[in-house]
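# Observations on chain architecture
One letter stands for each residue in the lines below.
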Number of protein chains: 2
Amino acid sequence: MTTTAGYAYDTDTASTRVGEHEYALELSRRWYTPANTANGGYLLATALQALRQEIPHPDLIAASAHFLRPGTAGPARITTETVRIGRRTATGQAALFREGREILRVLATFSDLAAAEGPTAIIGAPPVLPPPQECVNPIVDPMPGIAERVEFRMPRLPGFLRGEPGGTAVVEFWMRFADGRDADPIALALLVDAAMPAVFDLGTVPASSTIELTAHIRRRPAPGWLACRVGTRFLIDGFHEEDFEMWDSTGAPVAQSRQLSLIP
Amino acid sequence: MTTTAGYAYDTDTASTRVGEHEYALELSRRWYTPANTANGGYLLATALQALRQEIPHPDLIAASAHFLRPGTAGPARITTETVRIGRRTATGQAALFREGREILRVLATFSDLAAAEGPTAIIGAPPVLPPPQECVNPIVDPMPGIAERVEFRMPRLPGFLRGEPGGTAVVEFWMRFADGRDADPIALALLVDAAMPAVFDLGTVPASSTIELTAHIRRRPAPGWLACRVGTRFLIDGFHEEDFEMWDSTGAPVAQSRQLSLIP
């Protein structure tokens, strides 16, 4: 069994059981975004890490989070509920509170992905990327926060980082935790929210807040870099989706997510 | 103001307030699928119709439903909770119970789509379809149930309906309520679950049960036929997504949804 002690992801998403279906934790500044609030995927992962302790099935397969208020560093509480425990799947709910106010609520369904049996047909293809060592690191001087926790490799900088928004709003890249922590299903639910929004390539102001994020985890990821594609096709009156697809280092599809976000 | 009295959708999704945050209704057999259980989108719409009564914002913009058990016709209860009422958005939760057992839980966020202000850029294009009257009705002899409630027009029958699954798993078509009821945001959350799953085009058994469905409503739809595209790109060990995009009769994008489903 691999130890995960010492990795920022594990340290910063861990909580302590303080009552029936209640957990306490300290939200960390280490996952702050340039907006000076905690990354939404990080908040989501804290709630899912608490909830998983009450679910017998090992793998997150679907998490639907509605973001209620910005999250800041400091003491926080998570409440959980097991909604239904079935043979094949189990569903629970978690809510994250900061200073007594709910900042996130999530419904999540778990299963055992290693025990899944059924037909397989894969039509979607992973992005065609040069090996990570031949790619560009788009973040040369990371600001304190999530930019130090997650690293990226890109064939070239996307248009909006070169000052030339491309209007295609699709970005393909490699991603991993910077400290070498390999991803698992709940970590994927963080990582699908860790990249810069593709909508920035449409020339918007570089800020967007998540209203709802759903992640579907389709396989346990193999260790190593994750190949990612993020895209926006509909920006309407400031509302836009961010569609995220992720493959592991063996080329297997591992996650899909979509979030509905709002440009301020 | 348009009256919606008498339409099957309105009659069958209506509930009666029986207590604080509690509603009673009769689930109708009129939305049964060939599996002889209620369509999931119909169940979702009943929960959202109850919840909307407690939310000041007029338009559903994001609904995330986790399906817990099959729904059958008969007396049912809905419990609701207002999670956060904000200036621009409001979030609530609803749970649907049948015979004392929870069959569906949903988180939903509402806003005022007519008041939304912000940039617009539309990259995704609607399906190129002949006018509905030049298309094929794929359901010539509908079975009792949802096949009588929702009608479709297709340029040609999809491969799996001709006995020749195509392996492309993308289907494009027109859709509307058969009795002429125009769609609104909550009705769209039903309709995105009303079509035959695109995964059938991969040659699977013609059955699939929804685990999670998220619908994002991006505009209030204009009256008339809705142009739709549904697709599956990843069928893995029986789990598959159904991605749904919908445009209204003016060509405006109105909804996106994705569900995670399981082939039995």
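Residues numbered from 1 in each chain as written. Chains lettered and ligands numbered in written order. Predicted model: local features only at pLDDT ≥ 70, side-chain atom pairs only at ≥ 80, totals over all residues. Heavy atoms only, no water.

## Here we look at unusual backbone geometry
You will see that A:Ala169, though not glycine, has its phi angle at about 55°, which is positive. Structurally, the position occupied by A:Ala169 is in the loop between strand 8 (150-153) and strand 9 (170-177). Judged by its relative accessible area of 0%, A:Ala169 is buried. Although it is not a glycine, B:Asp237 sits at a positive phi angle of roughly 55°. If you trace the backbone, B:Asp237 turns up in the loop between strand 12 (234-236) and strand 13 (239-247). (Helix = DSSP H or I, 4+ residues; strand = E, 2+ residues; numbered from the N terminus. Buried < 20%, exposed > 50% of the residue type's maximum accessible area, 1.4 Å probe, protein only.)

## Considering the UniProt feature "domain: Acyl-CoA thioesterase-like N-terminal HotDog" (unreviewed entry) in chain A
UniProt's feature table lists "domain: Acyl-CoA thioesterase-like N-terminal HotDog" (unreviewed entry) at residues 29-110 of chain A, given in the numbering used throughout. With 16% helix and 50% strand, residues 29-110 of chain A has end C-alpha atoms that lie 29 Å from one another. (UniProt positions renumbered as here; feature names shortened; annotations may be inferred.)

## A few points about helix 2 (residues 40-52) of chain B
Residue and element names in this part refer to chain B. In this model, helix 2 (13 residues) spans 18 Å end to end at C-alpha, consistent with the 18 Å of a helix rising 1.5 Å per residue. The element helix 2 is largely enclosed, with a buried count of twelve among its 13 residues. Taken residue by residue, helix 2 has Gly40, Gly41, Tyr42, Leu43, Leu44, Ala45, Thr46, Ala47, Leu48, Gln49, Ala50 and Leu51 as its buried positions. Two or three places before glycine 41, at the start of helix 2, stands the capping residue asparagine 39, its side-chain oxygen 2.9 Å from that residue's backbone nitrogen. (Expected span 1.5 Å × (residues − 1). Polar contact = N/O pair within 3.5 Å; in protein donor to acceptor, adjacent residues only side chain to side chain.)

## With respect to empty space enclosed by the protein
Summed over the entire model, instances satisfying the criterion amount to six cavities of 30 Å³ or more. The computed volume of the largest cavity comes to approximately 70 Å³. Lining the largest cavity we find A:Glu212, A:Thr214, A:His216, A:Arg258, B:Glu212, B:Thr214, B:His216, B:Gln256, B:Ser257 and B:Arg258. Of all the elements in the fold, those that place two or more residues in the lining of the largest cavity are strand 10 (209-217) of chain A together with strand 10 (209-217) and strand 14 (253-262) of chain B. Looking at side-chain class alone, the lining of the largest cavity contains no nonpolar, six polar and four charged residues. (1 Å grid on protein atoms, 1.4 Å probe; cavity = no way out; pocket = protein on both sides within 12 Å on 5 of 7 lines; lining within 4 Å. Points joined across faces, edges and corners; volume = space filled by probe spheres on them. Nonpolar A, V, L, I, M, F, W, Y, C, P; charged D, E, K, R; others polar.)

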